Amino acid sequence: MRLHHVNVIVGAGRSDAVAPFYELLGLVRLAKPNNQAGAWFDLPDGRTQLHVSERPGSPHPDQHFALTVDDLDGLVAALTGAGHPWRTLPEMYGARRGVTADPAGNAVELVQAVGPFA
C-alpha cells in the first residue's frame, strides 16, 4: 500500500495563486482530467500527487502534510526568498524539520530526509 494523493483546499479562484508555491517545492503541475477548478501536481517520485481543490472555507490550523526533502537549507532559502513563512520545529528522531504555508494558508511540514523519514 502507498499514498496516492493528498488534497488541500483553497478558496474559489486561488489555484493559480498557490501553484507557484508548490512548483517552488519541486512539484510538477499536471493537466487535470476534468474541468473542475483546482490544480494537480506530481511529486518528484512520479507516483504521488497533490491535488488542490477550490472550496469555501479555510484550512484548520493543525491540518498539514509533510514532505521529506534532501536539501532543507536550500529549500528554506528559496521559500523565504520568495516571501513564504518558515518556522523551525524541534528535531524528531534526529531529523531537522519546520513548517511553511501556501498562499491559501495550508501548512506544509518539510523534513530533512534522515533515519525513519528517509
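Above this text is the structure in question.
Rules behind the numbers
- Residues numbered from 1 in each chain as written.
- Predicted model: local features only at pLDDT ≥ 70, side-chain atom pairs only at ≥ 80, totals over all residues.
- Heavy atoms only, no water.
- Helix = DSSP H or I, 4+ residues; strand = E, 2+ residues; numbered from the N terminus.
- Rg over C-alpha atoms; globule rule 2.2 N^0.38 Å.
- Areas by Shrake-Rupley, 256 points an atom, 1.4 Å probe, with all protein chains shown as cover.
- Lys, Arg positive; Asp, Glu negative; His and termini not counted.
- Charge placed at Lys NZ, Arg CZ, Asp CG, Glu CD.
- Polar contact = N/O pair within 3.5 Å; in protein donor to acceptor, adjacent residues only side chain to side chain.
- Contact = heavy atoms within 4.5 Å.
- Pairing = 2+ DSSP bridges.
- Axes fitted to C-alpha atoms, helices over the stretch in contact; angles between N-to-C directions.
- Buried < 20%, exposed > 50% of the residue type's maximum accessible area, 1.4 Å probe, protein only.
- Core = buried A, V, L, I, M, F, W, Y, C linked by side-chain atoms within 4.5 Å.
- Phe/Tyr/Trp six-rings, centres within 6.5 Å; stacked < 30°, edge-to-face > 60°.

1. Structural notes on the overall build of the protein
Helices and strands together make up the secondary structure of the protein, namely two helices and eight strands. The order of helices and strands in the protein, counted from the N terminus, is β-α-β-β-β-β-α-β-β-β. Since a compact globule built from 118 residues should have a radius of gyration of about 13 Å, the 14 Å found for the protein is in line with a globular shape. Counting only C-alpha atoms, the protein reaches 45 × 30 × 25 Å along its principal axes. Roughly 6,700 Å² of accessible area belongs to the protein as shown, and the carbon and sulfur atoms make up 54% of that amount. Averaging the locations of the 9 positively and 12 negatively charged side chains of the protein gives two centres separated by 6 Å.

2. Observations regarding unusual backbone geometry
At Tyr 93, a residue that is not glycine, the phi angle is positive and equals roughly 55°. Counting through the fold element by element, Tyr 93 comes out in the loop between β6 (87-92) and β7 (95-101).

3. Some words on the side chain of Lys 32
As for its placement among the helices and strands, Lys 32 is situated in the loop between β2 (28-30) and β3 (38-42). Side-chain polar atoms of Lys 32 contact the backbone oxygen of Gln 36, separated by 3.1 Å. When residues no more than four places from it in sequence are discounted, the contact partners of Lys 32 are Ala 37, Gly 38, Ala 39 and Trp 40.

4. Let's talk about the sheet that holds strand β4 (residues 49-54)
Overall, mixed pairing links the four strands, which are arranged β1-β4-β3-β2 in an open sheet. In this open sheet, the two strands that pair with only one neighbour each are β1 (5-10) and β2. Neighbour to neighbour, the strand axes of the sheet diverge by 30° on average, direction disregarded.

5. A closer look at the side chain of His 51
Here His 51 lies in strand β4. On the basis of relative accessibility, which here comes to 7%, the residue His 51 falls in the buried class. At 2.7 Å, the side chain of His 51 and the side chain of Gln 49 are in polar contact. Those residues in contact with His 51, other than ones at most four positions away along the chain, are His 5, Val 6, Asn 7, Val 8, Ala 39 and Trp 40.

6. Observations concerning the environment of Leu 89
The topology assignment puts Leu 89 in strand β6. Each C-alpha atom, one on Leu 89 and one on His 60, is 19 Å from the other, the two residues being 29 residues apart in sequence. Discounting residues that sit within four places of it in the chain, Leu 89 has contacts with Arg 97, Gly 98, Val 99 and Glu 109.

7. Some thoughts on the nonpolar core
Core analysis: the biggest nonpolar cluster contains 23 residues, and Tyr 22, Leu 25, Phe 41, Leu 50, Val 52, Val 108 and Leu 110 have the highest contact counts within it. Of all the elements in the fold, those that place two or more residues in this core are β1, α1 (15-24), β3, β4, β5 (64-69), α2 (72-81) and β8 (107-112). When sequence neighbours within four positions are dropped, the list of residues in contact with Leu 25 reads Leu 67, Leu 75, Leu 79, Val 108 and Leu 110.

8. Quick look at the packing of aromatic side chains
The geometry of an aromatic ring pair is captured by the separation of the ring centres together with the interplanar angle, meaning the angle of the planes. In total, this model carries two aromatic pairs according to the counting rule given. Here the aromatic rings of Phe 21 and Tyr 22 are separated by 4.9 Å at their centres, their planes lie at 85°, and the arrangement is edge-to-face. Residue classification places Tyr 22 among the buried residues on the basis of a relative accessible area of 0%. Pairing Tyr 22 with Phe 41 gives two aromatic rings, centres 5.8 Å apart and planes at 45°, and the pair type is tilted.

All quantities given are derived from atomic positions and should not be read as evidence of function.
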